[in-house]
Amino acid sequence: MKNLLKGVALAALMLAPGMAAAEVESDEPIIIVQNNWTSQLVLSYVVGKTLEDMGYTVEYAPSDSQLQFQAMADNDMDFQVEAWEGSMKSAFEKAVENGMVDAGTHSALTREEWWIPNYVLEKCPGAGSWEGLNRCAEIFSTAETKPKGRFVGPPADWGKNYADRVDALEMDFEAINVGQAATLWAELQSAYDREEPIVLFNWTPNFIESKFEGQFVDFPAPSDACNEVPEWGPNPNATGDCGAPHSGWLKKAASPRFAEEWPGAWAAVQKIDFNNAQIAAAALMVDVDGMEPEEAADKWMEDNGDIVKSWME
Ligand code: TMO
């Protein structure tokens, strides 16, 4: 009798953590892709932790933000929570043709573009548009780029179009790409403290808007024609002579095996929908408050408990 009771108690104990796992369709790990900017890191942990709470097994894998889409088409990775139109549209769409699944669009509207702090407008009043900015190119020059201005460009895997713009629009700038996002913010902070001219790659939603005053530089509006027809745009001999979208989409991407292998998880990730404030908050906890991405994910889930619960139902 005593032994039997002990056995029952033990079984109950073992069941508690095991129960959810027993309910999921497969214990095969769902591979969640991690990229190299903060909100993506935090929100990929939010997704992973949610799926783990549902009983699924999750692994994280870092990936290049262009190559990740074909890897998902090939079932080598399973889910990416932040695919940005400005920097990833063509790689995303090509992978969809090869079987990757468009897992839905977030409410957030996004922009990735050349960006200036507002004090730059005092020295270069036209800097809010590419032509005005270009007329002041020299004030952005460094020892490395003189007499051309320096554009502090994104890491290579966020796409080439931001730097290629310089050639397509025959601007008096040289793109000097950083290796990682932290270098963008270090360059910005050091220029900002001394009110020195700087133009750099930035995006929204991000933590930047809560800490620095500035604006995106307007370029000719993007279109398919800009990227396909040289005659289109200011340079009749070049494609790509336009900017990135002002209100771009933000999508989720998944492997073709996802819905078949883990239908319950698939239902959950389809419901995941971030707005601008939620993404900016994720970045801020790390880049301003100094939390680790995983720790920030826990805090984000605490702050948004009802939302997380609604995905799991
Ligand atoms: C891909 N990113 C949001 C950093 O521009």
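Owing to the predicted nature of the structure, the values given are computational and were not obtained by experimental measurement. (Residues numbered from 1 in each chain as written. Predicted model: local features only at pLDDT ≥ 70, side-chain atom pairs only at ≥ 80, totals over all residues. Heavy atoms only, no water.)

1. A look at the sheet that holds strand S8 (residues 199-204)
The pairing of strands in a sheet happens through backbone hydrogen bonds and is either parallel or antiparallel. Our working rule: The rule for pairing is simple: two strands pair if DSSP sees at least two bridges between them. Every helix listed is a DSSP run of H or I at least four residues long, and every strand listed is a run of E at least two residues long, numbered separately from the N terminus. Axis angles are defined between N-to-C directions and span 0 to 180 degrees, where every axis is a line fitted to C-alpha atoms and, for a helix, only to the segment in contact. Working rule for contacts: check all heavy atoms of both residues, and any pair within 4.5 Å makes them a contact.
Spatially, S7-S6-S8-S5-S9 is the arrangement adopted by the five strands of the open sheet, whose pairing is mixed. The open sheet has two free edges, formed respectively by strand S7 (173-177) and strand S9 (214-216), since each of these has just one partner strand. This sheet shows a mean twist of 40° between the axes of neighbouring strands, independent of strand direction. Note: strand S6 (residues 149-153) against S7, five bridges, orientation parallel. Bridged to Gly 153 within S7 is Asn 177. Where helix H7 (residues 161-168) meets the sheet, its contacts fall on strand S5 (111-117), S6, S7 and S8, and the angle it forms with S5 comes to roughly 70°.

2. Comments concerning the packing of aromatic side chains
Stated formally: A pair of Phe, Tyr and Trp rings is counted when the ring centres sit within 6.5 Å of each other, with Trp represented by its six-membered ring. The angle between the planes then sorts it: under 30 degrees is stacked, over 60 is edge-to-face, the rest tilted. When a residue's accessible area, from a 1.4 Å probe over protein chains only, is under 20% of the maximum for its type it is buried; when over 50% it is exposed; and in between it is partly exposed. Throughout this description, the term charge over a ring refers to an Arg CZ or Lys NZ atom that lies within 6 Å of the ring centre and within 35 degrees of the ring normal.
Scanning all chains against the criterion turns up 22 aromatic pairs. For the pair Phe 258 and Trp 266, a centre-to-centre distance of 5.6 Å together with 50° between the ring planes defines the contact as tilted. The burial state of Phe 258 is the same as that of Trp 266; both residues are buried. Relative to Trp 300, the ring of Phe 274 lies with its centre 5.4 Å away and its plane at 90°, an arrangement referred to as edge-to-face. Highlighted residues: Phe 274 in the loop between helix H11 (263-271) and helix H12 (276-287) and Trp 300 in helix H13 (residues 293-303), separated in sequence by 26 residues. Overall, the relative accessible area of 1% leaves Trp 300 in the buried class. An aromatic cluster is defined as three or more aromatic residues linked by ring pairs; in this entry it consists of Trp 37, Trp 158, Tyr 162, Trp 185, Phe 201, Trp 203 and Phe 207. For Arg 165, the ring lying beneath its charged end belongs to Phe 219, and the centroid distance is 4.5 Å. Against the face of Trp 249 rests Lys 251, its NZ or CZ located 5.4 Å from the ring centre.

3. Some thoughts on the pattern of salt bridges
In plain terms, the rule: Salt bridge, as used here: a side-chain nitrogen of Lys or Arg that lies within 4 Å of a carboxyl oxygen of Asp or Glu.
Counted under the stated rule, the structure contains 11 salt bridges. One salt bridge connects Arg 257 with Asp 78, and the closest N-O pair in it is separated by 2.7 Å. Separated by 179 residues along the polypeptide, Arg 257 in helix H10 (residues 257-261) and Asp 78 in the loop between helix H3 (68-73) and strand S3 (79-84) bring together distant segments of the chain. Per residue, the accessibility class of Arg 257 equals that of Asp 78, and both read buried. The shortest N-O distance in the salt bridge between Asp 218 and Arg 111 comes to 3.0 Å. Separated by 107 residues along the polypeptide, Asp 218 in the loop between S9 and helix H9 (224-228) and Arg 111 in strand S5 bring together distant segments of the chain. Here Asp 218 falls in the partly exposed class, since its relative accessible area comes to 35%.

4. Comments concerning the domain arrangement of the chain
For the record, the criterion: Where each domain begins and ends follows an automated or database-derived domain assignment. Buried area counts how much accessible surface, traced with a 1.4 Å probe, disappears from two parts once they are put together, with both parts' losses summed. Definition of a polar contact: a pair of N or O atoms within 3.5 Å, with one able to donate and the other able to accept a hydrogen when the atoms are protein atoms, and with sequence-neighbouring residues admitted only if both atoms are side-chain atoms. Ten residue types, Ala, Val, Leu, Ile, Met, Phe, Trp, Tyr, Cys and Pro, are classed as nonpolar, four, Asp, Glu, Lys and Arg, as charged, and the remainder, Gly among them, as polar.
Per the domain assignment, the segments making up the chain are domain 1 (23-109 + 248-312) and domain 2 (112-232). One C-alpha centre belongs to domain 1, the other to domain 2; they are set 28 Å apart. Taken together, the contacts link 18 residues of domain 1 with 16 residues of domain 2. Between domain 1 and domain 2, the buried area comes to about 1,400 Å², and carbon and sulfur atoms account for 56% of it. The interface formed by domain 1 and domain 2 contains zero salt bridges. Across the contact surface, domain 1 and domain 2 share seven residue pairs in polar contact (both at pLDDT 80 or more). For the side of domain 1 that touches domain 2, the element with the highest residue contribution is H12, accounting for six residues. Classifying every residue of the side of domain 1 that touches domain 2 gives eight nonpolar, six polar and four charged.

5. Some words on the packing of H12 against H13
What counts is decided by this rule: Any angle from 65 to 115 degrees is called roughly perpendicular, while one under 35 is roughly parallel, one over 145 is roughly antiparallel, and all others are oblique. By convention, the crossing between two helices is left-handed when the near helix turns anticlockwise from the far helix through less than a right angle, and right-handed when the turn is clockwise.
Interaxial distance between H12 and H13 falls to 9 Å at its minimum, and their mutual angle equals 135°. Accordingly, the angle class assigned to the pair H12 and H13 is oblique. Once H12 is placed against H13, the crossing between them reads as right-handed. Between H12, through Gln 278, Ala 282, Met 285 and Val 286, and H13, the contact on the second element is made entirely by Pro 293, Ala 296, Lys 299 and Trp 300. In terms of residue class, the contact of H12 with H13 is built from six nonpolar, one polar and one charged.

6. A few points about the site of the ligand
The following threshold applies: Only a single heavy atom is needed: when it lies within 4 Å of a molecule or strand, its residue is near that molecule or strand. Areas reported here follow the Shrake-Rupley algorithm with a probe of radius 1.4 Å; residue values treat only the protein chains shown as occluding.
Near the ligand, the surroundings consist of Trp 37, Trp 84, Ser 87, Met 88, Glu 112, Trp 158, Phe 201 and Trp 203. One nitrogen or oxygen atom from the side chain of Glu 112 is found 2.6 Å from an oxygen atom belonging to the ligand. Calculation on the ligand without its partners gives an accessible area of 210 Å², and the protein chains cover 100% of this total. For the shell around the ligand, the secondary structure elements donating two or more residues are helix H4 (85-97) and S8. The two domains that each donate at least three residues to the shell around the ligand are domain 1 (23-109 + 248-312) and domain 2 (112-232).

7. Some details on the nonpolar core
Where we set the bar: Buried Ala, Val, Leu, Ile, Met, Phe, Trp, Tyr and Cys residues form a nonpolar core when they are joined through side-chain atoms within 4.5 Å.
Residues Leu 51, Phe 69, Trp 114, Leu 133, Phe 173 and Trp 300 are the most contacted members of the largest nonpolar core, which totals 94 residues. No other element matches the six residues that helix H2 (residues 38-53) contributes to this core. Both domains that meet at this core, namely domain 1 (23-109 + 248-312) and domain 2 (112-232), each give it at least three residues.

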